[in-house]
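# Overview (structure and organization)
Below are the chains, spelled out letter by letter.
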Amino acid sequence: MKLITLITFYLIVLFSAPSTKATNHKLFSEQGYPYDMLIKRTDKIKIIYSENEKVVNCRVELNWQGQKVTTQAIEVEQIKFNAKPFATCLPRAQAKVILATTFN
């Protein structure tokens, strides 16, 4: 009887816990300069996004040596985001500026 009670309790907790939809992915880039170097020089890169039907709002967080840079959120097309999420959410000119700061 106790076993059934424990299993029931476990199932209730399991199914009533809020589900979060956070995923971690390894990021590989074929974008070339400066994206490849940013991936190599930083400790962690996060692409934070929310998507609608055709539009994605995204921003990028980069961490290296205890420093953190967060970009402004931008709105991009879903198709472009699906093809190249890192390069789409971090414009090339801004990526170059961030890369330069990693050398300081």
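The structure this text deals with has already been given above.
A brief look at the structure comes next. Bear in mind that the values here come from a model prediction, so they are computed numbers and not experimental data.

## Some words on the pairing of strand β1 (residues 44–51)
- Examined bridge by bridge, β1 and strand β2 (residues 55–64) share 8 bridges and lie antiparallel to one another. In the strand pairing of β2, lysine 46 is matched with glutamate 61.
- Linking β1 back to β2 in an antiparallel pair, the connection comprises 3 residues.

## A look at helix α5 (residues 92–102)
- Residues Ala95, Ile98, Leu99 and Thr102 constitute the buried set of α5. For α5, the angular spread of the buried residues around the axis is 105°, confining them to a single face. Residues of α5 that are exposed and point more than 90 degrees away from the buried face comprise Ala93 and Val97.

## Let's talk about the environment of tyrosine 35
- Within the secondary structure, tyrosine 35 sits in helix α2 (residues 35–41).
- Polar contacts involving the side chain of tyrosine 35 include one to the main-chain carbonyl oxygen of leucine 90, which spans 2.7 Å.

Thresholds, definitions, all that
Residues numbered from 1 in each chain as written. Predicted model: local features only at pLDDT ≥ 70, side-chain atom pairs only at ≥ 80, totals over all residues. Heavy atoms only, no water. Pairing = 2+ DSSP bridges. Helix = DSSP H or I, 4+ residues; strand = E, 2+ residues; numbered from the N terminus. Buried < 20%, exposed > 50% of the residue type's maximum accessible area, 1.4 Å probe, protein only. Arc of directions from axis to C-beta. Polar contact = N/O pair within 3.5 Å; in protein donor to acceptor, adjacent residues only side chain to side chain.

Take it as geometry only, folks, not as evidence of what the structure does.
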